[in-house]
Amino acid sequence: QVQLVESGGGLVQAGGSLRLSCAASGRTLNTYTMGWFRQAPGLERDFVAAISWFAGSYTWYADSVKGRFTISRDNAKNTLYLQMNSLKPEDTAVYYCAARQGNSNGYYSPTNYNYWGQGTQVTVPS
């Protein structure tokens, strides 16, 4: 069993930065594909970024965040991160950490992840 807890969300002005963290307990994350998703009110849960289980050798990003967000993992700390720079009002959403054991097939789809955190709110006012 894996428990995921996000932190680091908050309110930041456009152009600013936040770093989200996702701390895992119950199991270590070193064999898990990890992802970040976000969901704005009334909208579907969208893919943001993912990182492969093998020490982060491969990363994937939604087009909307390429060049601005960076996903990383620290297996020694059993923690996933999302560095968010140059934030825009369109980034406002609840951000969720997700995990699946092993293979990264279908990394872009929420349905392919088994474990989810409770979410953390990111607000970028216009």
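Here goes a summary of the coordinates provided. (Residues numbered from 1 in each chain as written. Predicted model: local features only at pLDDT ≥ 70, side-chain atom pairs only at ≥ 80, totals over all residues. Heavy atoms only, no water.)

### Observations regarding unusual backbone geometry
Backbone geometry at Asn78 places phi at a positive 55°, although glycine is not the residue there. Residue class for Asn78 comes out buried when judged on its relative accessible area of 12%. In this structure, Ser86 takes a positive phi of about 50° despite not being glycine. By the element assignment, Ser86 lies in the loop between strand E8 (79-84) and strand E9 (93-101). By relative accessible area, which is 40% here, Ser86 ends up partly exposed. (Buried < 20%, exposed > 50% of the residue type's maximum accessible area, 1.4 Å probe, protein only. Helix = DSSP H or I, 4+ residues; strand = E, 2+ residues; numbered from the N terminus.)

### Focus on the pattern of salt bridges
Oppositely charged side chains can pair when the atoms bearing their charge come close. By the definition in use, this model includes three salt bridges. Arg38 serves as the salt-bridge partner of Asp91, at 2.9 Å between the closest nitrogen and oxygen. In this pair, Asp91 sits in the loop between E8 and E9 while Arg38 sits in strand E4 (residues 32-39), placing the two residues 53 residues apart along the sequence. Look at Asp91 and you get buried, because its relative accessible area is 1%. With relative accessibility at 11%, the residue Arg38 sits in the buried group. A single network of salt bridges, built from pairs that share partners, joins Arg38, Arg68 and Asp91. (Salt bridge = Lys/Arg side-chain N within 4 Å of Asp/Glu carboxyl O.)

### Description of the pairing of strand E7 (residues 69-74)
On E7, burial follows the alternation: Phe69, Ile71 and Arg73 on one face are buried, whereas Thr70, Ser72 and Asp74 on the facing-out side are not. Looking at chain direction, E7 and E8 are connected through six bridges and run antiparallel. In the strand pairing of E8, Arg73 is matched with Leu80. Counted between consecutive antiparallel strands, the loop separating E7 from E8 contains four residues, among which Asn78 sits at a positive phi close to 55°. (Pairing = 2+ DSSP bridges.)

### Some remarks on the packing of aromatic side chains
Going through the model one piece at a time under the given rule, you end up with 10 aromatic pairs. Between Tyr107 and Tyr108 the ring centres are 5.4 Å apart and the planes differ by 85°, which places this aromatic pair in the edge-to-face class. With a relative accessible area of 21%, Tyr107 lands in the partly exposed category. An aromatic cluster of three or more residues is present, and its members are Phe37, Phe47, Tyr58, Trp60, Tyr96, Tyr107, Tyr108, Tyr113 and Trp116. (Phe/Tyr/Trp six-rings, centres within 6.5 Å; stacked < 30°, edge-to-face > 60°.)

Remember that the coordinates give geometry; whether it matters functionally is a separate question.
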